[in-house]
Amino acid sequence: MRLSDHLGKDVVLLDFWATWCTPCLAEMPHLEAISRAHREKGLVVLGSSIDGPETVSNVDPVVRRYGVSFPVLLDEETRVQAQYNPARDAPFAVLIDRSGKVVERRAGYQPGDEKSLEARLLELLAAPTSP
């Protein structure tokens, strides 16, 4: 999976999460709903698990339990994390516009945050692609 595959086509929500992170798990159904509602408009949601060797085996069962249909990546070499989430925050969302520019970073999750996230994503989806 390469972010550059979406350049010029899609708005990308890159979500860093972990199986041991309660706010991450609370946010997961909302991310799934946002993904399903807007994928036809050009939204790509990518999950990136920051689980370490001691909990990485829990990723697949959590993904199945929450019915996640968007791709969930295992960044075992921490390359993506080092570039976009070096503090290892969870949950941590990176919004990338169609031109590939990081336009927003969001740390944490509180109930209701999904509404402002979805509104921001709709703005990005409606915006023309910048050069």
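Description of the structure in this document. No experiment lies behind these values; they were computed from the predicted model shown.

The rules behind the values
- Note on numbering: residues in each chain are counted from 1, in written sequence order.
- Owing to the predicted nature of the model, reporting of local features is limited to residues with pLDDT of at least 70; listing and counting of side-chain atom pairs is limited to 80 or more, with chain, interface and lining totals taken over all residues.
- To obtain the side-chain values, all non-hydrogen atoms of the structure were used and water was disregarded.
- The pairing criterion is simple: DSSP has to find at least two bridges between the two strands.
- For the purposes of this entry, the term helix denotes a DSSP run of H or I that reaches at least four residues, the term strand denotes a run of E that reaches at least two, and both are numbered from the N terminus.
- To get an axis, fit a line to the C-alpha atoms, keeping to the stretch in contact for a helix; angles then go from 0 to 180 degrees between the N-to-C directions.
- Only the six-membered ring of Trp is used, alongside the rings of Phe and Tyr, when aromatic pairs are assigned; centres must lie within 6.5 Å, and planes under 30 degrees apart are stacked while those over 60 apart are edge-to-face, with the rest tilted.
- Any residue under 20% of the maximum accessible area for its type is buried, any over 50% is exposed, and the rest in between are partly exposed; the area is computed with a 1.4 Å probe on protein chains only.
- What a helix should span is 1.5 Å times the count of its residues minus one.
- An arc is given here, and it is the one of the directions from the helix axis to the C-beta atoms.
- Contacts: residue pairs with any heavy atoms within 4.5 Å of one another.

1. Focus: the sheet that holds strand E3 (residues 72-74)
Here is step 1 of the chain: On the basis of which strands lie adjacent, the open sheet formed by five strands has the order E3-E2-E1-E4-E5 and mixed pairing. Each edge of the open sheet carries a strand with a single partner, namely E3 and strand E5 (102-107). For this sheet the average axis-to-axis angle between neighbouring strands, irrespective of direction, equals 20 degrees.
Here is step 2 of the chain: Relative to strand E2 (residues 43-49), strand E1 (residues 11-17) is paired through seven bridges, and the arrangement is parallel. The residue of E2 that forms the bridge with Leu14 is Leu46.

2. Considering the packing of aromatic side chains
Here is step 1 of the chain: Summed over the entire model, instances satisfying the criterion amount to one aromatic pair.
Here is step 2 of the chain: Aromatic side chains Phe16 and Phe92 sit 6.4 Å apart centroid to centroid with 50 degrees between the ring planes, which places their arrangement in the tilted category. Taken together, the residues span a long stretch of sequence, with Phe16 in strand E1 and Phe92 in strand E4 (residues 92-96) at a distance of 76 residues. When sorted by exposure, Phe16 lands in the same class as Phe92, which is buried.

3. Quick look at the pairing of E5
Here is step 1 of the chain: Of the pairings in the sheet, the one linking E4 to E5 comprises five bridges and is antiparallel in character. Among the inter-strand pairings, Phe92 is bridged to a residue of E5, identified as Ala107.

4. With respect to helix H4 (residues 113-126)
Here is step 1 of the chain: Between its first and last C-alpha atoms H4 spans 20 Å; for 14 residues at 1.5 Å apiece the expected length is 20 Å, and the two agree.
Here is step 2 of the chain: Listed in full, the buried residues belonging to H4 are Glu114, Leu117, Leu121, Leu124 and Leu125. For H4, the buried positions fall inside an angular range of 100 degrees around the axis, keeping them on one side. Facing away from the buried side of H4 by more than 90 degrees, the exposed set consists of Lys115 and Ala126.
Here is step 3 of the chain: In this structure, the buried side of H4 is in contact with E1, helix H1 (22-38), E2, E4 and E5.

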